[in-house]
Amino acid sequence: MPINDLQLVIQYEFRDTALQLEALTHPSFRAEYPNTPADNQRLEFLGDAVIQIIVTDRLYQALPLEPEGTLTKIRAALSKQSTLAGLARLINLGKCLRLGHGEKQNHGDERDSILCDAFEALIGAIYLASDNNRAAPAPRARRAAPPPPAPALCPCPPRAGR
């Protein structure tokens, strides 16, 4: 499916198609085509967090009398791999993915793990491309949040080339 068709299905038009293309690029494709600027792993990371906050917010609003433990279980069910892969199938996301030859041969466009990752990456790309990320979190929440740790305190050493 062409990426323009995907935009029609999800009812969102990317102004920056490079961001959409990144969301649809599996690491296996980038391994075979090293000049590919990026794969979808970083967007997947972001999209996972965006999905978590959206689901959490909706549950918090919709179920005001439910205890935290119940809300956590519902959120886990709604954001687990098989659920997100099912949503990816509803929009035919697998048909849009850029996969390496081996992944294509092994029907990677049908595997839950790849579909889930691509769905999270697509959500991350939409978040970055939309104006919503400029407003969230609310100013009061931003003031209340602790500052990010200094680079020297981060548990992971910086990667070469950064």
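Everything numeric in this text was worked out from a predicted model, so none of it was measured.

Whenever I open this one, unusual backbone geometry confuses me. Can you help?
Trans is the prevailing form of peptide bonds, just as negative phi is the prevailing case for residues other than glycine. Positive phi values are uncommon outside glycine, yet Asn92 reaches one of about 55°. Relative to the helices and strands, Asn92 is located in the loop between α6 (81–90) and α7 (101–105). On the basis of relative accessibility, which here comes to 42%, the residue Asn92 falls in the partly exposed class. With a phi close to 55°, His107 is a non-glycine residue in the positive phi region. Here His107 lies in the loop between α7 and α8 (112–129).

Please explain the nonpolar core as it appears in this structure.
For soluble globular proteins, the rule of thumb is that nonpolar side chains tend to be buried together. One finds Leu6, Leu93, Leu97 and Phe119 to be the most contacted residues of the largest nonpolar core, which totals 29 residues. Contributing elements (two or more residues each) for this core: α2 (17–23), α4 (41–62), α6 and α8. The biggest single contributor to this core is α8, with ten residues.

Just to check I follow, could you spell out the layout of surface pockets for this structure?
Where empty space is left in the structure can be found by rolling a water-sized probe over the atoms. In this structure, the largest pocket occupies an estimated 620 Å³ of space. Lining the largest pocket are 22 residues, and of these Val50, Ile51, Ile54, Arg58 and Ile123 sit closest to its centre. Listing elements by their share of the lining of the largest pocket, those giving two or more residues are α4, α6 and α8. The element that contributes the greatest number of residues to the lining of the largest pocket is α4, accounting for seven residues. Partitioning the lining of the largest pocket into residue classes produces 17 nonpolar, three polar and two charged.

Explain the confidence of the model for the protein to me, please; I cannot follow it from the model alone.
Reading predicted coordinates in detail is not appropriate for stretches of low pLDDT. Mean pLDDT over the protein: 85, with 80% of residues reaching 70 or higher. For the protein, helix α10 (residues 139–144) is the element with the lowest average pLDDT, namely 46, and helix α3 (residues 27–32) is the one with the highest, namely 96. Note on residues 137–146: pLDDT under 50 across the span, and four contacts to partners over four residues away in sequence or across chains.

Calculation criteria
Residues numbered from 1 in each chain as written. Predicted model: local features only at pLDDT ≥ 70, side-chain atom pairs only at ≥ 80, totals over all residues. Heavy atoms only, no water. Helix = DSSP H or I, 4+ residues; strand = E, 2+ residues; numbered from the N terminus. Buried < 20%, exposed > 50% of the residue type's maximum accessible area, 1.4 Å probe, protein only. Core = buried A, V, L, I, M, F, W, Y, C linked by side-chain atoms within 4.5 Å. 1 Å grid on protein atoms, 1.4 Å probe; cavity = no way out; pocket = protein on both sides within 12 Å on 5 of 7 lines; lining within 4 Å. Points joined across faces, edges and corners; volume = space filled by probe spheres on them. Nonpolar A, V, L, I, M, F, W, Y, C, P; charged D, E, K, R; others polar. pLDDT = per-residue confidence, 0-100. Contact = heavy atoms within 4.5 Å.

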